[in-house]
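Close look at the chain arrangement
Read off the chains here:
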Amino acid sequence: MEKRENWGSKIGFIMAAAGSAVGLGNIWKFPFTAGDNGGGAFVLVYLIFVALIGFSVMLTEFTVGRRKQLAAVGAFKSVDRRWTFAGVLGVLSGFLIMGFYPVVGGWALAYVFKVMGGLLNNPATIGDAFGTFITNPTIPLIWMVLYLILNIVIVAKGVSSGIEKAGKILMPLLFCILIVIAIKGLTLPGAMEGMEFLFKPDFSKINGSVVLAALGQAFFSLSLGMGCMITYGSYLSKKENLVQNAAIVTAMDTAVALLAGIAMFPAMFAFGMEPAAGPGLVFVVVPTLFAEMGAMGPMFAVMFFIALTVAALTSSVSLLEVVVAFLIDEKKFTRKKAVFSSASIMALLCVLASLSLGGIGPKLFGTGAFDVFDLLTDKIFLAIGGMLLCIFAGWRLKKEDLYDEITSNGTVKFNLFGLWYALVKFIIPITILIVAVNGIRQGFESGSGPVMVVGIAIIAIFAAISKKL
Ligand code: PHE
């Protein structure tokens, strides 16, 4: 067999994996999801899930991927055909996340130009401008397509040359700009209320939906539960320390999410905005904040949206890569054909998603396409995908094989192996099951229940036809 392409360097892998993890999930989704779910209590549950479940699942994905040096589907299928569906479910998640992610990526790209065009000149209209923009039936589509084209170009070029370079250059820039925003926000009068909202848990706010939202956010933000980190791990050299890599990526991702929260909430409270402002949060708060900064404002704002676009890109290329790797490895497509065919379908899904924000297009149980794709993936497919992976690793693979793979045949130390194994084999699957059942139950009160049940049904159908996949 031909030798699998490897990452150019260790730092290259970490930047690419962190690039996948750090994206719109941290900077766009985390703040508004925390706001919607009551703030501090959500953040606390989220952090517990990241440490206990997120890190362990990431390590499991790296291990399973590198073990067979096969991407998501192959890593399952080569062990047991009955498990193929768990990999294919990940490919489906990739499609569905790419059915709305490029819409938001397109907004970020558009905002680079909107800021240059003088968006900040009139701070009072920034909020309305966002609403008018995303509900427009055509203009966001143009930006979405431009954004998708950037993805196509990067993924068509292959792993180490394309993805790695993009990540290495612009991730650190994003981090620095977020720090600037956070400092500015914290110095505004009334800012401390925002910090309290974010970090002082009000335990009465915790219920089944909040806990499921926190679990889903942990999976989404860390790029877990859909084979992405399996695929990236499959390109990783046998010498690398998987534990250390998983720890670094998890820590970086969490740091950026918290930093984004610190950049957003103090400013929001200072401006008297609602914490549950929804998906518009970064696109409204950040420009408003920069508008306050005088002459330097627009320059920082342009840099912020460029960096946000690039952070989104390094994530969406990893999503696209899961689908592309599946088509290349399992369906024998050429890379170009795989990229073009999958991106075309994603573009169609994105059109539905974008139009749904203006109230146009089909609905499922009263929910528009954008929210359906988000609900299915974030609340159901990723968490269940992570659960299936843990069951697969814990019950279908041999403990000794996992040990050998993680420790590179005993050369890398991992003292907590026993704890990790117990988490993966028992604790994580049971926890996810309980959280999902409770979350879906609660979903019937808020209207999202039926869509989530459809998600479960899709998984069941996939499992039933697994051998044919
Ligand atoms: N983690 C990415 C983000 O936070 C999104 C993503 C999810 C990427 C799943 C790959 C797989 O934006």
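Anyway, here's the lowdown on the structure attached to this text. Sequence order sets the numbering: in each chain, residues are counted from 1 along the sequence as written. For a predicted model such as this one, the threshold for reporting local features is a pLDDT of at least 70, and the threshold for listing and counting side-chain atom pairs is 80 or more; totals across whole chains, interfaces and linings nevertheless cover every residue. Only hydrogens and water are removed before side-chain values are computed, so all heavy atoms of the structure are retained for them.

What about the environment of Thr-254?
Here is the rule we go by: Numbering of helices and strands starts at the N terminus; helices are DSSP runs of H or I of at least 4 residues and strands are runs of E of at least 2. Summary of the burial criterion: residues with accessible area below 20% of their type's maximum are buried, those above 50% are exposed, and those between are partly exposed, where the area comes from a 1.4 Å probe applied to protein chains only. When checking whether two residues touch, look at their non-hydrogen atoms; a contact exists if any pair is within 4.5 Å.
The residue Thr-254 is located in helix H13 (residues 242-271) in this model. Look at Thr-254 and you get buried, because its relative accessible area is 12%. In the structure, Thr-254 is positioned 113 residues away from Leu-141 in sequence and 31 Å away in space, judged by C-alpha atoms. Residue contacts for Thr-254: discarding those within four places in its chain leaves Leu-47 and Val-50.

Section: the packing of helix H2 (residues 24-36) against helix H11 (residues 208-221)
Here is the rule: Inter-axis angles, ranging from 0 to 180 degrees, are taken between N-to-C directions of lines fitted to C-alpha atoms, where helices are fitted over the stretch in contact. Roughly parallel refers to an angle under 35 degrees, roughly antiparallel to one over 145, roughly perpendicular to one between 65 and 115, and oblique to any angle outside these ranges. By the convention adopted, Pro, Cys, Tyr, Trp, Phe, Met, Ile, Leu, Val and Ala count as nonpolar, Lys, Arg, Asp and Glu as charged, and the other residues, Gly among them, as polar.
Running from N to C, H2 and H11 point in directions that differ by 175°, and their axes come no closer than 11 Å. The angle between H2 and H11 falls in the class roughly antiparallel. Every residue of H11 that contacts H2 at Gly-25, Asn-26, Lys-29, Phe-30 and Thr-33 is listed here: Ala-213, Gln-217, Phe-220 and Ser-221. Tallied by class, residues from the contact of H2 with H11 come to three nonpolar, five polar and one charged.

Comments concerning the nonpolar core
Rule in force here: By convention a nonpolar core is built from buried Ala, Val, Leu, Ile, Met, Phe, Trp, Tyr and Cys residues, the set being connected through side-chain atoms within 4.5 Å.
Of all hydrophobic cores here, the largest spans 178 residues; its most connected members are Trp-28, Phe-283 and Phe-304. Here this core gets 18 residues from one element, more than from any other, and that element is helix H15 (residues 297-329). Once you skip the residues sitting within four places of it in the chain, Phe-304 turns out to touch Ile-27, Ile-177, Leu-178, Ile-181, Val-282, Val-286 and Phe-290.

Remarks on the environment of Ala-353
Structurally, Ala-353 can be placed in helix H16 (residues 335-357). Taking relative accessible area as the criterion, Ala-353 reaches 0% and is therefore assigned buried. Spatially, the C-alpha atoms of Ala-353 and Ala-276 are 21 Å apart, while their sequence positions differ by 77 residues. Not counting residues up to four positions away in its chain, the partners in contact with Ala-353 are Gly-99, Phe-100, Val-103, Ala-369, Phe-370 and Phe-373.

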